[in-house]
Amino acid sequence: MRLSLITLKRRPDSEDVSRRETMLEADVFRVGRGSDMDVNLPDVNVAYHHATLSAGPGGLRLEGVGGALIESGGKMVDSVALRPGESCRVGAYEIGCEAPGAHADAAITLARVEAQARAYRTPQRIADTLPSRRRLSWLLALASLVLFIAWPLSVILLREAPPPGAVVVNAMVAPEKAEARAGSVATLVALGTSLAEGTEPPPAPAFTPMETLWLSGPMSNVHAGLAENCSACHLRPFEMTTNDACLACHAETANHFDVAKHASAADDPSLARCAACHKEHVGGESPIEEASSTCTDCHADLKAVASATELYDVSDFALQHPQFRPTLVTGVGTAVDGALLPTVARAPLDPKFPLSEQSGLKFPHDVHLNKEGVRGLGRVADKTWEMNCESCHQPQADGALMRPIEMERDCGYCHELVFKPDNLDVLRELPHAKPVEVQEIVHDYYGARVLEGGLNVPGAPASARRRPGEAIGLAGRAEGLDWAAEQAELELKRIMEVSLCGDCHVAEASAEPDSRGRTVWTVQGALLQRHWMPKSYFNHGPHFAMDCVSCHAATTSKSSTDVLMPPIENCRDCHKGEQAGASASSECLACHVFHADPYGAMSPPHGQAMETRRNEAERSTVVRATQ
């Protein structure tokens, strides 16, 4: 079919209408907004392929495609028949039909009308019922501003914040009376509780769910409970987390160094800020920065930060770390109340100059690790055991250090404190660490045997060898007790210097006897070092797969004065440095802690406030229990 397409266009300055004819030839003609359509209708209200035009009975037929509608006679229809003199509307265009010329089978006219065209698609989808895209964009933008910015922002700005410099402590227990905290009432703020008795507590911080959308990243697991309470850390709007916010919960956290000795370092905000080492909103188990660079930023050139320091510089465990300096017991004294008073000193490990410890104990490791076994003492003198390190050294519950050595538990089975004088068949057990009682027991033992009689000991007086039950005169009594005192002194000398006490301890006899004519023995106390490097942390747990002697040369140690701590070179066999690929953990925090208890609280006012709160809680508990 040959179609004559006549485009009508009215000139703006006259009533004349121009006609432009285009010849089309096809069986079916496509009508729509697309530029590849046979009849192009450039209008946003017209579908890309809106309708098809074909020959029909008695004329042309225009049919909508995909539910597109056509306006005819004021009604919206899906198809319309066009005969000469008839017209219809599609979008902003009017399509008419007229008689064709001799050169065409049919002719249509196409004219753009000035009136706003109506929608030519029935609302068959939800999208068809929505406002226009522009209007919808503005509505969504406005809603986003209100929900995600205006609403949470208004809550944050209107939230009551503590004044700058206030000592804020977490309200886990009831606060103490205001008058009991003289000098601190004006600055102490207890979150969620009343500041003074009888006053209403401040309201809990208002929280909007939209605040979570402001999180710059996930919270760590230990702080996950604070993810919905921004004000717990950000006390004031748009303020980085301050130390005061951290100390509200961690009020008694210890300092890292002696503030009085290193005042310049304490005043450096980059060093004194908690968030310098504790990074939040990065997820993970805890907010602790484990990279060694956090420590070496200062410790690589420590004098530049703390000029009065006596510590050595450290930049990497494998490359620049000082030799281990264990804390040695150099002497053990005794206080008036009997408590042992150790003297300690730190010294570096050096194979050329072996260290010596004076713990007050005589103990050869090589004897106890003899492969042929160790013979027992006392009632087990006829038995032999093959011992190893685990026979005496057992880890404590957390696996970090070894539990303290106790004589009764760890040594007593082999080293029984019993004595059996020559030619006597009675065993007597002696107490441990009580030399005065030992002396009394030995003297009483010999005195009692003399008074009982029946002794068959060479050199014993006749009064001691008499038949049991026979009377003993005053002279015989005095003679027998003098002999008993001499024997007790000889036995005590053997016990204190040779066996029993003398096996493990150093005992000294007094230069002058006491009022009863007896020698007074003093046994030097023994204090074994458990934590050789108290400024570091070591856990035996991950090292239990290793042989003890791979680090501690116990099999060749002949004296308890030997210091069996390994030098740093032993550790570097596995801990090759943080930058090494296949290496055991070598970060600073693997062996060291940041907050050290001896240096006191980071903020004494916070520590005092928490202590006050705790004391008040304890008093309240006692009152409730007695009511």
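Placed above this text is the structure.
Every value quoted in this text rests on a predicted model; they were computed, and no experiment measured them.

### Thoughts on the overall build of the protein chain
Along its length, the protein chain carries 15 helices and 22 strands. Relative to its 627 residues, the protein chain shows a buried fraction of 31%. Sequence-distant contacts, at least 24 apart, represent 53% of the contacts inside the protein chain between residues at least 6 apart.

### Some details on helix α12 (residues 474–497)
Helical geometry: 3.6 residues make up each α-helical turn, so side chains three or four residues apart lie on a common side. Relative to the 34 Å expected for 24 residues at 1.5 Å per residue, α12 spans 34 Å between its end C-alpha atoms, a close match to the ideal helical length. Residues of α12 that are buried include every one of G476, G480, W483, A484, A488, E491, L492, I495 and M496, and no others. On its buried face, α12 sits against β19 (418–419), α10 (435–452), α11 (462–465), α13 (501–504), β21 (507–509) and β22 (521–523).

### So, the sheet that holds strand β5 (residues 51–56)
An order of β4-β3-β5-β6-β9 is seen for the 5 strands of this open sheet, with the pairing classed as mixed. Two strands in the sheet have a free side with no partner beyond their single neighbour: β4 (39–40) and β9 (79–82). Two strands pair when backbone bridges link them, and strand β3 (residues 28–32) and β5 are joined in this way by 4 bridges, in the antiparallel orientation. Residue pairing in the sheet places V31 in a bridge with A51 of β5.

### A few points about the side chain of S220
Its place among the elements puts S220 in the loop between β14 (188–190) and α3 (243–247). Those residues in contact with S220 that sit more than four places away from it in its chain are E280, G283, G284, E285, S286 and P287.

### Remarks on the state of the cysteines
What the rule picks out here adds up to 0 disulfides. In this structure C574 is not part of a disulfide, and its nearest cysteine sulfur, from C551, lies 8.2 Å away.

### Digging into the pattern of salt bridges
Note on pairing: side chains with opposite charge can pair once their charged atoms come close. The full count for this structure, using the stated rule, is 11 salt bridges. Taking the shortest distance from any N to any O, the salt bridge between R409 and D410 comes out at 3.0 Å. Judged by its relative accessible area of 38%, R409 is partly exposed. Using a relative accessible area of 14% as the deciding quantity, one classes D410 as buried. For the salt bridge of K493 with E497, the shortest nitrogen-to-oxygen distance reads 3.0 Å. Of this pair, K493 and E497 both sit in helix α12, 4 residues apart, roughly one helical turn. Residues participating in the shared-partner salt-bridge network are R403, E406, R409 and D410.

### Here's the deal with the packing of aromatic side chains
Each aromatic ring pair is described using two quantities: the centre-to-centre distance and the angle formed by the ring planes. Enumeration according to the criterion identifies 3 aromatic pairs in this entry. Their ring planes at 70 degrees and their centres at 5.5 Å tell us that W385 and Y413 sit as a pair that is edge-to-face. Highlighted residues: W385 in strand β18 (residues 384–385) and Y413 in the loop between α9 (407–411) and β19, separated in sequence by 28 residues. Relative to Y446, the ring of Y445 has its centre 5.5 Å away and its plane inclined at 85 degrees; by these criteria the two rings are edge-to-face. As far as the burial class goes, Y445 and Y446 line up, both buried. Three or more aromatic residues joined by ring pairs make a cluster, and in this case those are F419, Y445 and Y446. A cation over an aromatic ring shows up here: R572 above the ring of F317, its NZ or CZ 5.8 Å from the ring centre.

### Quick look at the packing of α10 against α12
The axes of two packed helices give the description: the angle between them and the distance between them. Taken N-terminus to C-terminus, the directions of α10 and α12 make an angle of 140 degrees; their axes are 8 Å apart at the nearest point. Note on packing geometry: the crossing formed by α10 with α12 is right-handed.

Calculation notes
- Residues numbered from 1 in each chain as written.
- Predicted model: local features only at pLDDT ≥ 70, side-chain atom pairs only at ≥ 80, totals over all residues.
- Heavy atoms only, no water.
- Helix = DSSP H or I, 4+ residues; strand = E, 2+ residues; numbered from the N terminus.
- Buried < 20%, exposed > 50% of the residue type's maximum accessible area, 1.4 Å probe, protein only.
- Contact = heavy atoms within 4.5 Å.
- Expected span 1.5 Å × (residues − 1).
- Pairing = 2+ DSSP bridges.
- Disulfide = S-S within 2.5 Å.
- Salt bridge = Lys/Arg side-chain N within 4 Å of Asp/Glu carboxyl O.
- Phe/Tyr/Trp six-rings, centres within 6.5 Å; stacked < 30°, edge-to-face > 60°.
- Lys NZ or Arg CZ within 6 Å of the ring centre and 35° of its normal.
- Axes fitted to C-alpha atoms, helices over the stretch in contact; angles between N-to-C directions.
- Left-handed = near helix turned anticlockwise from the far one by under 90°.

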